[in-house]
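# Summary of the model geometry
If you want the building blocks of each chain, they are given just below.
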Amino acid sequence: MSGPTTPSTPPTPPTPAIEVDFPNLDRWAAGNAGMPYVWTFPGKAAGPHVVLQALTHGNEVCGAIVLDWLLREKFRPLRGTVTIVFANIAAYHAFDHGDPFASRCVDEDFNRLWTAEVLDGPRDSVDLGRARTLRPVYDRADYLLDLHSMTDPCPPLSLAGRRPKGLELALALGYPEHIVIDEGHSAGRRLRDYAHFDAPDDPRNALLIECGQHWEKAAPDIARQATLRFLRHFGMVAPAFLDAHLDPASRPPQQVIEVTAAVTIHSDHFAFALPVEGLATVPAAGTLLARDGDAEVRTPYDHCVLIMPTRRPKVGETAVRLGRHRR
């Protein structure tokens with residue numbers, strides 16, 4: 001009798017359609033804050049310093065569309081200070097419609113660099129150099145909204161980090177519907193988890209919002225609605241501006257998903273053993289989820305939620321995060 005056979009690695013899925021235009025950001029290159037592509041605007045009253053960021057990854061364009069729109073609208077905060085950052089602009093400029101996933105970064109992931117050991121260390125890269133340039137912006141920030149999108153289709157979600165303050169901020173916005181509590185990636189620390197943003201007793205805070213698939217038509221509007229709600233939460237946006245641009249439709253109750261494990265890819269032979277999609281639920285504990293070489297990955301509990309499963313596996317990266325709904 002023959003033993004069990006290992007399934008062949010599934011073919012790479014087709015590249016999603018690019019349904020949005022990429023704005024020409026050259027008009028914002030000079031900045032007004034002493035560094036390229038960074039703009040700072042003070043309000044007339046005292047208040048927090050809020051940073052709105054796009055292009056943490058160069059091919060995630062929805063946030064850039066929204067921040068370009070805010071600048072063209074000549075948005076100014078009612079109170080405090082708003083800083084607008086187009087982060088990994090070199091990766092954005094490298095975007096190629098023929099190979100749209102390649103420009104996530106230039107040399108390394110900008111969103112895995114955020115420890116003092118890396119930032120103050122001896123190595124260098126294009127992405128790390130830009131992170132070092134922008135670091136003073138984040139050091140001065142009270143609150144950060146980091147606008148992202150996802151490789152594969154998935155409902156929008158907030159990544160609130162591991163501290164209660166992150167969840168509190170995500171719930172205060174009331175949008176999007178899904179909130180994920182997680183500790184990030186083994187490959188390196190995210191910006192939303194940098195320094196004071198992750199310190200449990202520091203009021204400064206950050207929220208990363210994934211606005212859908214990178215290039216789907218709906219993603220920029222999701223990013224716009226999230227940005228307006230973030231600014232509204234801190235009392236920084238005029239009611240007339242909200243009336244003109246904020247979607248008044250009621251929103252479904254938010255759902256909180258707590259990540260209990262992140263599956264890191266260890267071999268070139270990683271493959272899921274069943275069809276996967278973002279926020280899908282696997283009913284039974286012990287279900288074979290994937291094989292990574294000779295190792296099996298099984299669901300640890302009933303009703304296991306799959307968070308941002310990759311369909312383009314790469315050694316050292318996260319294949320999927322496993323979570324359960326918090327009741």
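Structure first, text after, so check above.
Just so you know, these numbers come straight off a predicted model, no measurement behind them.

### As for the overall build of the protein chain
Broken down by element type, the protein chain carries seven helices and 14 strands. On C-alpha atoms alone, the protein chain measures out to a radius of gyration of 20 Å, which is about the 20 Å that the 2.2 N^0.38 rule sets for 327 residues. For the protein chain, the spread of C-alpha atoms along the three principal axes comes to 80 × 45 × 40 Å. Across the 327 residues of the protein chain, 55% fall into the buried class. Looking at the protein chain alone, contacts between residues at least 24 apart form 70% of all its contacts between residues at least 6 apart. Averaging the coordinates of the 34 positive side-chain charges in the protein chain and doing the same for the 40 negative ones gives two points 5 Å apart.

### Some remarks on the sheet that holds strand E9 (residues 270–272)
The antiparallel open sheet is built from three strands, whose spatial order is E9-E11-E12. Among the strands making up the open sheet, the edge pair consists of E9 and strand E12 (295–298). Neighbour-to-neighbour, the strand axes of this sheet turn through a mean angle of 20 degrees, independent of strand direction. Note that E9 and strand E11 (residues 288–292) share three bridges and pair antiparallel. When the sheet's bridge partners are listed, Phe 272 is paired in E11 with Ala 290.

### Section: the pairing of E12
Along any regular strand the residues' side chains alternate between the sheet's two faces. In terms of strand pairing, E11 meets E12 through four bridges, oriented antiparallel. In the sheet register, Asp 292 faces E12, and the bridge partner there is Ala 295. A loop of two residues connects E11 with E12, the two strands running antiparallel in sequence, and Gly 293 in this loop sits at a positive phi of about 65 degrees.

### Observations regarding the packing of aromatic side chains
In this structure the tally under the stated criterion is 14 aromatic pairs. With a centroid separation of 6.4 Å and an interplanar angle of 15 degrees, the aromatic rings of Trp 39 and Phe 41 are classed as stacked. Of the residues examined, Trp 39 reaches a relative accessible area of 17% and is grouped as buried. Judged by relative accessible area, Phe 41 falls into the buried class, the value being 8%. For the ring pair Phe 75 and Phe 241, a centre distance of 5.7 Å and an interplane angle of 50 degrees mean the geometry is tilted. In this pair, Phe 75 is assigned in the loop between helix H1 (62–72) and strand E3 (79–86) and Phe 241 in helix H7 (residues 239–245), connecting sequence segments 166 residues apart. Take Phe 75 and Phe 241: they sit in the same class, and that class is buried. The residue whose ring lies beneath Arg 76 is Phe 41, and the NZ or CZ to ring-centre distance is 3.9 Å.

### Here we look at helix H5 (residues 164–173)
Every buried residue of H5 is accounted for by Lys 165, Gly 166, Leu 167, Leu 169, Ala 170 and Leu 173. Those residues of H5 hidden inside the fold are in contact with strand E5 (157–159), strand E6 (178–181), strand E7 (205–213), helix H6 (219–233) and strand E8 (255–264). Phi for Gly 174, located one or two positions after H5, is positive at around 75 degrees.

### Details of the state of the cysteines
Here is the idea: a disulfide is a covalent bond, and it sits between the sulfur atoms of two cysteines. Enumeration according to the criterion identifies zero disulfides in this entry. With no disulfide partner, Cys 62 has as its closest neighbouring cysteine sulfur the one in Cys 211, 4.2 Å distant. With a relative accessible area of 0%, Cys 62 lands in the buried category. Classification of Cys 211 by relative accessible area gives buried; the value is 0%.

### Section: the nonpolar core
The biggest cluster of nonpolar side chains holds 56 residues, and the ones touching the most others in it are Leu 25, Leu 52, Phe 86 and Phe 230. Element by element, the count of residues in this core is highest for H1, at eight residues. Counting 21 residues, the second-largest nonpolar core is a separate cluster that includes Val 38, Ala 131, Val 137 and Phe 197.

### Looking at the packing of H5 against H6
The geometry of H5 relative to H6 is characterised by a closest axis approach of 9 Å and an angle of 105 degrees between their N-to-C directions. When the axes of H5 and H6 are compared, the pair comes out roughly perpendicular. Within the contact between the two elements, H5 uses Leu 169, Ala 172 and Leu 173 and H6 uses Ala 226, Arg 229, Phe 230 and His 233.

### Quick word on the environment of Leu 289
As for its position among the elements, Leu 289 is in strand E11. Its relative accessible area of 1% is what places Leu 289 among the buried residues. The spatial distance from the C-alpha of Leu 289 to the C-alpha of Glu 317 is 17 Å, given a sequence separation of 28 residues. Contacts of Leu 289, omitting those with residues within four sequence positions, involve Phe 272, Ala 273, Leu 274, Val 276, Val 297, Arg 298, Leu 306, Val 320 and Leu 322.

Reading guide: rules and limits
Residues numbered from 1 in each chain as written. Predicted model: local features only at pLDDT ≥ 70, side-chain atom pairs only at ≥ 80, totals over all residues. Heavy atoms only, no water. Helix = DSSP H or I, 4+ residues; strand = E, 2+ residues; numbered from the N terminus. Rg over C-alpha atoms; globule rule 2.2 N^0.38 Å. Buried < 20%, exposed > 50% of the residue type's maximum accessible area, 1.4 Å probe, protein only. Contact = heavy atoms within 4.5 Å. Lys, Arg positive; Asp, Glu negative; His and termini not counted. Charge placed at Lys NZ, Arg CZ, Asp CG, Glu CD. Pairing = 2+ DSSP bridges. Axes fitted to C-alpha atoms, helices over the stretch in contact; angles between N-to-C directions. Phe/Tyr/Trp six-rings, centres within 6.5 Å; stacked < 30°, edge-to-face > 60°. Lys NZ or Arg CZ within 6 Å of the ring centre and 35° of its normal. Disulfide = S-S within 2.5 Å. Core = buried A, V, L, I, M, F, W, Y, C linked by side-chain atoms within 4.5 Å. Parallel < 35°, antiparallel > 145°, perpendicular 65-115°, else oblique.

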